[in-house]
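Architecture and fold: a report
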Amino acid sequence: MQKIKPSREALFRFRGIPPLGLTVSMALQHLVSMIVGCVTPAIIIAGTLGLPQNQRVLLIQASLVMSAVTTLLELFPIGGRFGAGLPVIFGVSFAYLPSMLAIATDGGGLAAVAGAMIVGGVVATLVGVFIKPVRKLFPPVITGTVVFTIGLSLYPTAINYMAGGSGNTYESVVVERGLTEALVYGSWQNWAIAAFTLAVVLLLNNFGKGVWKLSSILLAILAGYGVALAAGMVDLSGVQTAAWFELPSFMPFGISFEPSGCIALGLLFAINSIQAIGDLTATTVGGFDRQPTNRELQGGIVAYGVSNIITALFGGLPTATYSQNVGIVTTNKVVNRTVFAMTGVFLLLAGVVPKFSAILTTIPQCVLGGATVAVFSTIAMTGMKLIAAEGITPRNTTIVGLSAALGVGISQAAEALSRFPAAVTTIFGKSPVVIATLMAVLLHLVLPKEK
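Residues numbered from 1 in each chain as written. Predicted model: local features only at pLDDT ≥ 70, side-chain atom pairs only at ≥ 80, totals over all residues. Heavy atoms only, no water.

1. Quick word on the environment of Ile43
Note that Ile43 resides in helix H1 (residues 20–49). Considered as a pair, Ile43 and Gln365 are 322 residues apart in the sequence and their alpha carbons are 8.9 Å apart. Beyond its immediate chain neighbours, meaning those up to four positions away, Ile43 contacts Ile60, Tyr161, Leu360 and Leu368. (Helix = DSSP H or I, 4+ residues; strand = E, 2+ residues; numbered from the N terminus. Contact = heavy atoms within 4.5 Å.)

Now the structure itself:
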């Protein structure tokens, strides 16, 4: 039997054996472009809820491990149908962050988030099964409106983190470690480090090339972290007690089903299923010069739904396709599944090493704020690109403008729904995405189409 030799050409085919060195370098390229985005939602939620150190580590760990599992399921379809069989990377999505924060802070905690994820996973699975009729309800103008609103809704989170993160004022460590009280929320030190981190992002994005530009967020966080460490704003005590190896545990935060949270997150899962179709299509067009088959789309969305149910059971956060990794595929045309499988393995290894997760929890919130404000602005502009693809017509302007205005406006006016039942406030008043989505779909259905 003739031994198959690794070849450089295999990088541009889905199957085949590429050289090990090239495989590792390409996998690391995908890893550095998404790992910060993958763990940041977990860090933000843990900080907002004031979780103890061990639970923060658990949340980050589960998010990394389950992102790896979802990625591998999509790369290697079970039975040839459960999974897309396409070169895609899945990670924890910022799209769910506003709704998850609302659900968790309303008293349900992470247990309510897990329950809503299970319902959302069922919704996504049904979308995958009935992909053809459902797809017609979400043209680019609607998905663009949703993505744009998600970006807008995340801006206050980024600004809050740039100021140091409310609820995390460093006051507890001021006494313990003799730090200056100027390090409390809103201090000039927090703003200075956040501005420095943002400046590094802008510098690398606009003047960097290759891996420097690709890794701009990661490198900016490392630079900001170094400055914060020198300023005495990093507490490494939790890293010393973290284990070297540990698997995620089953239902670490429990599961509860809050109807309002389930509705809000279920709607987002339906929307992200449609967004995943866009990413899967961009992958096949950019990497294979063809449209995805119905089987690939259906298998990909069904696996996305089921994997999120599994993720909820192990305490992770919702995953979705990562558009930045799709962008890498369309740029370099590397589609070999060995590269993407290795990226998944790297994610898995990072997840089962609690010390790595513990180090991530030590990143000061001002550093995260300086880096993520650029990420959130990119999310909003991605939505605008989707909208512009259909043209800025009077009809589309009405759909986008009115939907975003009602969604963001009601969520910003906290007392607007105070006379309604608490469930109504949770569904419609805490995250602008729900109202924006419903309005966009309604307007798309009732407004006359332009000739």
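2. Here's the deal with the packing of aromatic side chains
Counting across every chain of the model gives 4 aromatic pairs. A network of ring pairs unites the aromatic residues Phe90, Tyr96, Phe269 and Tyr304 as a single cluster. It is Lys355 that lies over the ring of Trp244; its NZ or CZ is 5.2 Å from the centre. (Phe/Tyr/Trp six-rings, centres within 6.5 Å; stacked < 30°, edge-to-face > 60°. Lys NZ or Arg CZ within 6 Å of the ring centre and 35° of its normal.)

3. Describing the nonpolar core
Ranked by size, the top nonpolar core spans 115 residues in total, and within it Ile45, Leu59, Leu64, Ile221, Leu265 and Leu317 carry the most contacts. Non-local contacts of Leu317, meaning those with residues more than four positions away in its chain, are made with Pro41, Ala42, Ile45, Leu59, Ser63, Val92, Met100, Val113, Met117, Asn308 and Thr311. (Core = buried A, V, L, I, M, F, W, Y, C linked by side-chain atoms within 4.5 Å. Buried < 20%, exposed > 50% of the residue type's maximum accessible area, 1.4 Å probe, protein only.)

4. Some remarks on helix H14 (residues 337–351)
The α-helix advances 3.6 residues per turn, and as a result positions three or four apart in sequence lie on the same side. Here H14 is 15 residues long and its end C-alpha atoms lie 21 Å apart, about the 21 Å a rise of 1.5 Å per residue gives. The complete set of buried residues in H14 reads Val339, Phe340, Ala341, Met342, Thr343, Gly344, Leu347, Ala350 and Gly351. N-cap assignment for H14: the residue whose side-chain oxygen lies 2.8 Å from the backbone N of Thr338 is Asn336. (Expected span 1.5 Å × (residues − 1). Polar contact = N/O pair within 3.5 Å; in protein donor to acceptor, adjacent residues only side chain to side chain.)

5. Topic: unusual backbone geometry
Unusually for a residue other than glycine, Met251 sits at a positive phi of about 50 degrees. As for its placement among the helices and strands, Met251 is situated in the loop between helix H10 (237–241) and helix H11 (259–288). Overall, Met251 belongs to the partly exposed group, its relative accessible area being 36%.

6. Thoughts on the confidence of the model for the protein
Overall, the prediction assigns the protein a mean pLDDT of 80, with 89% of residues at 70 or greater. Per-element averaging of pLDDT across the protein places helix H6 (residues 171–177) at the bottom with 45 and helix H12 (residues 294–313) at the top with 90. Every residue in residues 167–182 scores below 50 in pLDDT, and together they form 25 contacts with partners more than four places removed in sequence or on other chains. (pLDDT = per-residue confidence, 0-100.)

7. Focus on the packing of helix H5 (residues 140–162) against helix H19 (residues 432–446)
Across the interface, H5 lies against H19 with an axial gap of 9 Å and an inter-helix angle of 160 degrees. By the angle class used here, H5 and H19 are roughly antiparallel. Crossing handedness for the pair H5 and H19: right-handed. Here H5 contributes Ile142, Thr145, Val146, Thr149, Ile150 and Ser153 to the contact with H19, which in turn contributes Pro432, Val433, Ala436, Thr437, Ala440, Val441 and His444. Of the residues belonging to the contact of H5 with H19, the class tally is 8 nonpolar, 5 polar and no charged. (Axes fitted to C-alpha atoms, helices over the stretch in contact; angles between N-to-C directions. Parallel < 35°, antiparallel > 145°, perpendicular 65-115°, else oblique. Left-handed = near helix turned anticlockwise from the far one by under 90°. Nonpolar A, V, L, I, M, F, W, Y, C, P; charged D, E, K, R; others polar.)

8. Observations regarding a nonpolar patch on the surface
Side chains of Val122, Leu126, Val129 and Phe130 sit close together on the surface and give an oily, nonpolar patch of about 350 Å² of accessible area. Tracing the chain through its elements places Leu126 in helix H3 (residues 97–129). (Patch = residues over 30% accessible without salt bridge, like charges linked within 9 Å, V, L, I, M, F, W, Y side chains within 5 Å. Areas by Shrake-Rupley, 256 points an atom, 1.4 Å probe, with all protein chains shown as cover. Salt bridge = Lys/Arg side-chain N within 4 Å of Asp/Glu carboxyl O.)

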